[in-house]
Amino acid sequence: MVYNKTLVLQIINAIRLLLCIPSTSGKARTGLLVFCISVVNFSFSQTAKNWEKLGDRALEDKDYLGASAYFKNALDKDSTSIEFNYKYAEAIRQCNMYVDAERFYQKVYTLDQGKDFPDALFWLAMMQTYNGKYELAQKNFTAYGKVAKDKSTFIAKKAKQEIKSCEYAGNLIKDSVAIKIEHLNESVNSPKAEFSPLLLNDSTLLFSSLRETPIGNSDKKEESIKIYKAELKGTDWQTQDLIDTSINMLNVYSANGSFSPDKKRFYFSVCSQNMVCDIYVSTYKEGRWEHARKLDDDINAKGYTTTQPMDAVVEGKEILFFVSDRPQGKGGLDIWYCNVEQDGRKYSSPKKLDAKINSIGDEVTPYYDSKSQTLFFSSNWHYGLGGFDIFKAKGGLKTFTSPDNMGFPINTSVNDFYYTADTSGTKGFLVSNRKGSYSLEGETCCNDIYSFEFPKPSKKDTLPKNPYKSLEDLNKYLPVTLYFHNDEPNPKSRDTITKLDYMTTYDDYSVMKKMYEIEYSSGLEGDKYVKAQKDIDDFFESYVDKGVDDLGFFMDLLTKELEKGRKIELGIKGYASPLAKSDYNVNLTLRRISSLMNYMSNYENGMLRPYLNHTADNGGAIFIKKIPYGEYKSDTTVSDNFNDQRNSVYSKKAALERKIEILSVSNAEHPRDTVIQKKLDETSFDFGKIKPGKKYSHDFFITNTSKADIYIKNAEPSCGCTVANWTKTAIHPNEQGKISITFDSAGKSGKQDKQIVVYIDSNPTPIVLSFTAEIKK
């Protein structure tokens, strides 16, 4: 169970209101029973519209099961109402009733076709994902993406993300591993909610649960979330009494426990009735747990949830991870951390984990294994099987790799989180609402605790493999597009290399988001002001941050291929906005490519340097094919006026032009690749000093020394001032093909440096030709 208001209130309201579970007092119990009976009797006199109003009110109160009952009564009176069907689907979706929700969203979309309820198609696709129907879901996400009017909304971005995620999910299922998953018995699990397992030792498990608990020393009971202890008796877990009352406090919910490395401090969440949570800590002294104290406001941000503490040693320092929805985060819920100092008497200011981990979705339930230096967490954004999936990322706070999905059966098409393991790392627990969980309503209502056990370590590849079969398959995850601030890195320089790496430029760029919002919205009012701010927000989230996510994912796959001893060529293309002249921009794009090469050199503490230097013991190597575009086929509506920096620097259109792309991955040992590139008679030509207003031509020749025919598929000039023609027929072995270029100097002056990118069939890496000239009046 993830501790945000929606999910917790869903379960509490399900128990208290719709299912008529007795409350804490006789009076309250009677009131609830009367309410439930009166719903049945009152239904005969209520109109459909009255039921709808009651359902709307329940939705506002996040009483989703109550709302579903009201909308169901409305449907009983008018089953043809598209609006009633949609609202019923909305309510049962929030109750995790995915099968029924899919059926009703399908009905709404079939009748409405997106006219009055355009989001029905999106939610239909989401429910199909939760139900494991990935091909159907991908088709409907694609259809939704085409018709969505506002591409900047969260669900529009989510639909775009899910299109790739559905393809990824299919491969994860195929690459499943024989991991033993067992549902804990009814002494631990119940039809309500169990979560946050914490293994104290081999035979003692702490966990959180929603169940009836005594009120103080009285005989009265209340439904509350508290922390419980279970002991292993033979092969079964048996739940014991609540743990210490200094931790399970009255009138609040206590959950999500974590011990300090020395076991002398216990961190946990304390949540109010309206589900705003804070982190508390209790210290063990003189044989007892002291009264818990709330951590300071720097950690527990006022008015926001701070929850799911996890204390661990990271790179020799004690670190407290936690989850929060505070506004400085990347998405809804993000993972944050702070340093623990002076045995828990002092804490550093919190920082959020970087964009490799946190996303515009939710990241929750962090667990750090100090032995393997691996962070485990759950996310509903990164590519997965559906809902929340469990991921792992190796490294330290600043060096985490991109997350790897833990695969099936650790993950399923529904929600999976709260991963925790024993000291060996081969056994542990997770929480899921997968089919088979005890349920109050439907098959996937509520969360239970499951144990897992990996195959014996002597077997290789016990964890899921990456979902690709060959080097060429990596091209499916391209292009990887990375963005830069204007004239970065190293502004006002004609150097072609830089000492900065891309992550440094990314970090500097990210903190400029607010400045971009201010500059681009300057002078605007009303809707135009709001739209300008949304444009910038969308650019940084959907393009800048996504580029970093894609880069990390790609680097993990690339590393695995290099470890096999592969020789790999990367085609990297650089772009720049039209603010500066072409020859300057060519050098700028080369510096940007250089920053990516520096990032590769520094990746995982330099593990790729032998491949970049071609000194790896296994013979693996990286070759970089640079394609530096300066003045190129850019968006003609982008301003090139230096005095109009609102549009030429800070607009979304201008920002989208400042980028580099990893375009292609190919086998550097491919014989055709090598032959083609070595047998170009020349790759550059200088026209020398030429006159303006005239056309100049030159022919490049390519010799086919392979044993098969080759074809020139395309020749793409870098600007509209150049026209390219090429041999359209097959170039037979030992024969030549021709690429003819004609440059029109009209309107040009000074030094010129242009490129033509040539694409050959069966050769994923393009060939770059270039010419220079100096136009003199």
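Here's a quick rundown of the structure.

What counts and what doesn't
Residues numbered from 1 in each chain as written. Predicted model: local features only at pLDDT ≥ 70, side-chain atom pairs only at ≥ 80, totals over all residues. Heavy atoms only, no water. Pairing = 2+ DSSP bridges. Helix = DSSP H or I, 4+ residues; strand = E, 2+ residues; numbered from the N terminus. Axes fitted to C-alpha atoms, helices over the stretch in contact; angles between N-to-C directions. 1 Å grid on protein atoms, 1.4 Å probe; cavity = no way out; pocket = protein on both sides within 12 Å on 5 of 7 lines; lining within 4 Å. Points joined across faces, edges and corners; volume = space filled by probe spheres on them. Disulfide = S-S within 2.5 Å. Expected span 1.5 Å × (residues − 1). Buried < 20%, exposed > 50% of the residue type's maximum accessible area, 1.4 Å probe, protein only. Contact = heavy atoms within 4.5 Å. Bend = angle between axes of the 7 residues up to and from the residue. Polar contact = N/O pair within 3.5 Å; in protein donor to acceptor, adjacent residues only side chain to side chain. Phe/Tyr/Trp six-rings, centres within 6.5 Å; stacked < 30°, edge-to-face > 60°. Lys NZ or Arg CZ within 6 Å of the ring centre and 35° of its normal. Parallel < 35°, antiparallel > 145°, perpendicular 65-115°, else oblique. Left-handed = near helix turned anticlockwise from the far one by under 90°.

1. Considering the sheet that holds strand E21 (residues 427-432)
One open sheet accounts for four strands, arranged E1-E22-E21-E20; its pairing is antiparallel. A strand with exactly one partner marks an edge of an open sheet, and here the two such strands are strand E1 (180-183) and strand E20 (416-421). Strand-to-strand, the axes of this sheet are offset by a mean angle of 25°, without reference to chain direction.

2. Focus on the sheet that holds strand E4 (residues 221-233)
Adjacent strands of a sheet form backbone hydrogen bonds with each other and so pair up, either parallel or antiparallel. Spatial ordering of the open sheet is given by E2-E3-E4-E5, a layout of four strands whose pairing is antiparallel. The two strands at the open ends of the sheet, each matched to only one other strand, are strand E2 (193-201) and strand E5 (236-242). The average angle at which neighbouring strand axes cross in this sheet is 40°, direction not considered. In the sheet, E4 pairs with E5 via five bridges, with the strands oriented antiparallel.

3. Structural notes on empty space enclosed by the protein
Using the criterion set out here, one finds four cavities of 30 Å³ or more in the structure. Approximately 180 Å³ is the volume attributed to the largest cavity. Along the wall of the largest cavity there are 13 residues; nearest its centre are Gln161, His382, Tyr383, Asp549 and Phe553. Counting residues per element, the ones that place at least two in the lining of the largest cavity are helix H9 (154-174) and helix H12 (526-562). With four residues, the single largest contributor to the lining of the largest cavity is H12.

4. Looking at the state of the cysteines
For the coordinates displayed, the defined rule picks out one disulfide. The disulfide partner of Cys271 is Cys277, and the S-S distance across this bridge is 2.0 Å. On the sign convention where negative is left-handed, the bridge of Cys271 and Cys277, at about 105° about the S-S bond, is right-handed.

5. Section: helix H6 (residues 98-112)
A rise of 1.5 Å per residue sets the reference length of H6, with its 15 residues, at 21 Å; its end C-alpha atoms lie 21 Å apart and thus fit the reference within 8%. Of the residues making up H6, those classed as buried are Tyr98, Ala101, Glu102, Phe104, Tyr105, Val108 and Asp112. Residues of H6 that are buried make contact with helix H4 (64-77), helix H5 (82-94) and helix H7 (120-130). Residue Gln113 follows H6 closely and has a positive phi angle near 55°.

6. A closer look at the pairing of E2
Sheet analysis places E2 next to strand E3 (residues 204-214), joined by six bridges and oriented antiparallel. The residue bridging Leu199 from the neighbouring strand is Leu205, located in E3. Counting the residues between successive antiparallel strands, the hairpin from E2 to E3 contains two residues.

7. A closer look at the environment of Ile163
Counting through the fold element by element, Ile163 comes out in helix H9. Assessed through its relative accessible area of 24%, Ile163 is described here as partly exposed. For Ile163, the residues in contact, after removing those within four places along its chain, are Gln138, Phe141 and Thr142.

8. Topic: unusual backbone geometry
Here the bond from Phe408 into Pro409 is cis, since omega is 15°, no more than 30 degrees from zero. For the bond from Glu488 to Pro489, the omega torsion is 0°, close enough to zero to count as cis. Tracing the backbone through its elements, the reader meets Pro489 in the loop between strand E23 (480-483) and helix H10 (502-510).

9. Some words on H9
Compared with an ideal rise of 1.5 Å per residue, which puts 21 residues at 30 Å, H9 spans 30 Å between its outermost C-alpha atoms and is within 8% of the ideal. Of all the bends in H9, the largest measures some 30° and sits at Glu162.

10. Brief notes about the side chain of Asn411
When you line up the elements, Asn411 lands in the loop between strand E19 (404-405) and E20. Overall, the relative accessible area of 0% leaves Asn411 in the buried class. Of the polar contacts made by the side chain of Asn411, one reaches the backbone nitrogen of Ile390; its length is 2.6 Å. Among the polar contacts made by the side chain of Asn411, one reaches the side chain of Asn405 at a distance of 2.9 Å. What Asn411 contacts, discounting residues up to four positions off in sequence, is Leu385, Asp389, Ile390, Asn405, Met406, Asp416 and Arg434.

11. With respect to the packing of aromatic side chains
Here the structure, examined in full by the defined rule, presents 47 aromatic pairs. An angle of 70° between the planes, with centres 6.0 Å apart, marks the rings of Tyr86 and Tyr105 as edge-to-face. A residue pair is termed long-range when its members are at least 10 positions apart, and Tyr86 in helix H5 and Tyr105 in helix H6 qualify at 19 residues. A residue is classified by how much of its surface remains accessible, and Tyr105, at 0% relative accessible area, is buried. Following the ring pairs from residue to residue traces out a cluster consisting of Tyr483, Tyr509, Tyr516, Phe539, Phe540, Tyr543 and Tyr650. The residue whose ring lies beneath Arg93 is Trp123, and the NZ or CZ to ring-centre distance is 3.5 Å. The lysine or arginine in question, Arg434, covers the ring of Tyr450, its NZ or CZ lying 5.3 Å from the ring centre.

12. What to know about the packing of H7 against helix H8 (residues 134-147)
At their nearest, the axes of H7 and H8 sit 8 Å apart, and the two run at 160° to each other. Taken together, the axes of H7 and H8 are roughly antiparallel relative to one another. Every pair of crossing elements has a handedness; the one defined by H7 and H8 is left-handed. Contact with H7, carried on its side by Leu121, Phe122, Leu124, Ala125, Met126, Gln128 and Thr129, involves Tyr134, Leu136, Ala137, Asn140, Phe141, Ala143 and Tyr144 of H8 and no other residues of that element.

13. Comments concerning the packing of H5 against H7
Relative to each other, H5 and H7 sit at 35°, their axes nearing to 12 Å. Between H5 and H7 lies a crossing whose hand is left-handed. On the side of H5, the interface is formed by Tyr86, Glu90 and Arg93, while H7 contributes Ala120, Trp123 and Met127.

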